[in-house]
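An overview of the molecular structure
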Protein chains: 2
Amino acid sequence: MIQIAMIEDDTEMAELIGEFLAKHNIQVTNYDTPSLGLSALKVKSFDLLILDLSLPDMDGLEVCRLVRQSSDIPIIISSARSDMSDKNACFYMGADDYMPKPYESQELLLRIHSILRRYKKEPIEVTKKEIFECSVERQEVRKNGELIYLTNAEFEIMAYFIKRSGFALSREEIITNVDSINYESSVKSIDVMIGRLRLKIEEDPKKPHHIISLRGIGYKLINE
Amino acid sequence: MIQIAMIEDDTEMAELIGEFLAKHNIQVTNYDTPSLGLSALKVKSFDLLILDLSLPDMDGLEVCRLVRQSSDIPIIISSARSDMSDKNACFYMGADDYMPKPYESQELLLRIHSILRRYKKEPIEVTKKEIFECSVERQEVRKNGELIYLTNAEFEIMAYFIKRSGFALSREEIITNVDSINYESSVKSIDVMIGRLRLKIEEDPKKPHHIISLRGIGYKLINE
DNA sequence: ACCAATGGTAACAAGTTGGTAAAATCTGAT
DNA sequence: ATCAGATTTTACCAACTTGTTACCATTGGT
């Protein structure tokens, strides 16, 4: 039995939809205020959320944002408005589908199944997320999606680290593989560069968790 | 770069959509007959398929069924018809979304990202609005819709920047790709042109936020 | 506890790069 | 041919990046 949460202030409408979906083996629980819905989502687990945009005491978009903060649950937004800015905002907030009112229950049913088909297939948290990503063509390194400003040599060192995440790298290896570093440089300058990198990428540069030192060996990047 | 296959017999329409999506880092390859599209899907790998229902020599639904037999690729179906029986059939065949024609390109973009986010665990990629838009036919560049007067060389540089938004561009690359710049010009003249461009497009040309310098590399345009 | 080896980093120095004013050159319209 | 505006070159400066050194802190072995 599929469990769906619904946040819709028009209880009559909610009931109609609920009855229809019940016929198709989907149980809908409606919450007629955003706060009720939000607290229910925290406690119970649902397969999907149907969210009405035009709510009384809180903006539907805000509700969507709040839900997305803590959950990856599929969200279908329905709204009486159908202009692009609304759609834009909804998808931006992480909605999975947008249905302008009025819509046919049958279409809602189809879209629910379509989304769940995709969603259920994805085992949650299978792929560990990488912390650092690097794009050479954009000349940028991102930490959890956030752009980090690096100088050229720093960028290339970081790019090399990312490429060889998890492996121990000697200072010599770093010097020979990073173009921006003069190959005649002393190995000590690597230490300095690493220090500068840490200032930019570590939460606490004094206690590095990403670029760690391997005494007598070199360094390695932890990227997970 | 997201790779999308499209099966659409209206090549003009296909081109329009392709151009729009290209601006958002999505490459579209259109096949104007189902058989072409089907064989392409067997050989190349795409992230998503956009399928038009009203095709000449084969029913779009049949195409959808054939694709689904061998692939789990996300499918967005677009159709001039919008009756429930069509939608029913499409979702039944395993389509991921259904867009009745005519639709706005922007909405297509949103739905593509929404589906890919689920399918590929794509980090919620914010499709921010572009700041700079360029029309070669009109020979104009607009910043947030507002026309900016540029000289010829400035315009072409800007056009190239916009086309390659977000990517690091070397001075050499700029010179060879911008016709208005004599290819024998010294790379230093790029700096001067960039300086003048900044005077016209930056709020504070001394602290550029749109055309940023990449020391030792070149420049890049931030267009979001 | 001591010591030697290693890593961290502040401070400095040298070299490089980008910004830009001003002059020179080019180009196209009249 | 002339002129105005656009483009390119030149030259200089300011800012930034990188590399070295020196000194301190930490580690690990004895």
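Residues numbered from 1 in each chain as written. Chains lettered and ligands numbered in written order. Predicted model: local features only at pLDDT ≥ 70, side-chain atom pairs only at ≥ 80, totals over all residues. Heavy atoms only, no water.

1. Observations regarding the pairing of strand β4 (residues 75-79) of chain A
Residue and element names in this part refer to chain A. Where burial is concerned, most of β4 is hidden: five out of the five residues are buried. Of the two faces of β4, the one lined by I75, I77 and S79 and the one lined by I76 and S78 are each fully buried. Of the pairings in the sheet, the one linking strand β3 (residues 48-52) to β4 comprises four bridges and is parallel in character. Considered in β4, the bridge of D52 is made with S78. Across four bridges, β4 lies against strand β5 (residues 97-100) in parallel orientation. (Buried < 20%, exposed > 50% of the residue type's maximum accessible area, 1.4 Å probe, protein only. Helix = DSSP H or I, 4+ residues; strand = E, 2+ residues; numbered from the N terminus. Pairing = 2+ DSSP bridges.)

2. A short note on the protein's contact with DNA strand D
In the vicinity of DNA strand D lie 29 residues, with Y149(A), T151(A), R196(A), T151(B) and S186(B) positioned nearest. Considering the 4 Å shell around the protein, atoms of DNA strand D inside it are sugar or phosphate in 62% of instances. One of the backbone N or O atoms of A153(A) is found 2.6 Å from a phosphate oxygen in DNA strand D. Contacts to DNA strand D include N182(B), whose backbone N or O atom sits 2.9 Å from a phosphate oxygen. When residues of the surface near DNA strand D are traced back to their parent elements, those giving at least two are α6 (152-163) and α8 (188-201) of chain A together with α6 (152-163) and α8 (188-201) of chain B. Residues belonging to the surface near DNA strand D are distributed by class as follows: eight nonpolar, 14 polar and seven charged. (Near = heavy atom within 4 Å. Polar contact = N/O pair within 3.5 Å; in protein donor to acceptor, adjacent residues only side chain to side chain. Nonpolar A, V, L, I, M, F, W, Y, C, P; charged D, E, K, R; others polar.)

3. So, the sheet that holds strand β1 (residues 2-7) of chain B
Through backbone hydrogen bonds, the strands of a sheet pair up, either in parallel or in antiparallel fashion. Residue and element names in this part refer to chain B. Reading across from one edge, β2-β1-β3-β4-β5 is the order of the five strands in this open sheet, with parallel pairing throughout. Every interior strand has two partners, whereas the edge strands, β2 (26-31) and β5 (97-100), have only one. Within the sheet, the average angular offset between the axes of one strand and its neighbour, ignoring direction, is 20 degrees. Against the sheet, helix α2 (residues 34-43) contacts β1, β2 and β3 (48-52), and its axis sits at roughly 150 degrees relative to β1. (Axes fitted to C-alpha atoms, helices over the stretch in contact; angles between N-to-C directions. Contact = heavy atoms within 4.5 Å.)

4. Describing the packing of α2(B) against helix α3 (residues 60-70) of chain B
To describe two helices that pack against each other, one gives the angle between their axes and the distance between the axes. All names here are of chain B. Axis separation between α2 and α3 bottoms out at 11 Å; the angle between their running directions is 10 degrees. Taken together, α2 and α3 sit at an angle that is classed as roughly parallel. Facing P34, L38 and L41 of α2, the residues of α3 in contact are V63, L66 and V67. Partitioning the contact of α2 with α3 into residue classes produces six nonpolar, no polar and no charged. (Parallel < 35°, antiparallel > 145°, perpendicular 65-115°, else oblique.)

5. Structural notes on the protein's contact with DNA strand C
Taken together, 23 residues form the shell around DNA strand C, and within it R198(A), S213(A), Y219(A), R198(B) and Y219(B) come nearest. In DNA strand C, the atoms that sit within 4 Å of the protein are 51% sugar and phosphate, with bases accounting for the remainder. Take S213(A): an N or O atom from its side chain is 2.6 Å from a phosphate oxygen of DNA strand C. Broken down by element, the residue count for the surface near DNA strand C peaks at five residues, all from α8(A). Its residues assigned to classes, the surface near DNA strand C shows six nonpolar, four polar and 13 charged.

6. With respect to the interface of chain B and chain A
Between chain B and chain A, the residue contacts involve 35 residues of the former and 33 residues of the latter. Across the chain B-chain A interface, the total number found is eleven salt bridges. Put simply, chain B and chain A have 24 residue pairs in polar contact (both at pLDDT 80 or more) between them. Those elements that place two or more of their residues in the side of chain B that touches chain A are α4 (84-92), β5 and α5 (105-120) of chain B. For the side of chain B that touches chain A, the leading source of residues is α5(B), giving eight residues. (Salt bridge = Lys/Arg side-chain N within 4 Å of Asp/Glu carboxyl O.)

7. Brief notes about the packing of aromatic side chains
All names here are of chain A. All told, the structure shown has two aromatic pairs over all chains when counted by the stated rule. Ring centres of Y31 and F46 lie 6.4 Å apart, and the angle between their planes is 80 degrees; this geometry places the pair in the edge-to-face category. Of this pair, Y31 sits in strand β2 (residues 26-31) while F46 sits in the loop between α2 (34-43) and β3; the two residues are 15 residues apart in sequence, bridging distant segments of the chain. Between the NZ or CZ atom of R164 and the centre of the ring of F167, over which it lies, the distance is 5.4 Å. (Phe/Tyr/Trp six-rings, centres within 6.5 Å; stacked < 30°, edge-to-face > 60°. Lys NZ or Arg CZ within 6 Å of the ring centre and 35° of its normal.)

8. Focus on α4(B)
Burial in α4(B) covers these residues: M84(B), D86(B), K87(B), A89(B), C90(B) and F91(B). After α4(B) finishes, the residue G94(B) shows a positive phi value of roughly 100 degrees.

9. Regarding the packing of α6(A) against α8(A)
Residues and elements named next belong to chain A. Packing of α6 against α8 leaves a shortest axis separation of 10 Å and a crossing angle of 80 degrees. Classified by the angle their axes make, α6 and α8 are roughly perpendicular. Contacts between α6 and α8 pair A153, E154, I157, M158 and F161 from the former with M193, I194, R196, L197, K200 and I201 from the latter. Each residue belonging to the contact of α6 with α8 can be placed in one class, and the counts come to eight nonpolar, no polar and three charged.

10. Comments concerning the side chain of K87(A)
By the secondary structure assignment, K87(A) is in helix α4 (residues 84-92). If we ignore the near neighbours within four places in the chain, the residues touching K87(A) are S82(A), Y98(A), E107(B) and L110(B).

11. Some words on the sheet that holds strand β7 (residues 140-143) of chain A
All names here are of chain A. The strand order across the open sheet built from three strands is β6-β7-β8, with neighbouring strands paired in antiparallel fashion. Two strands close off the open sheet at either side, each with one partner strand: β6 (132-135) and β8 (146-148). Pairwise comparison of adjacent strand axes, ignoring direction, gives a mean angle of 35 degrees for this sheet. Bridge analysis of β6 against β7 gives four bridges, and the strand direction is antiparallel. What sits directly across from E133, in β7, is R142.

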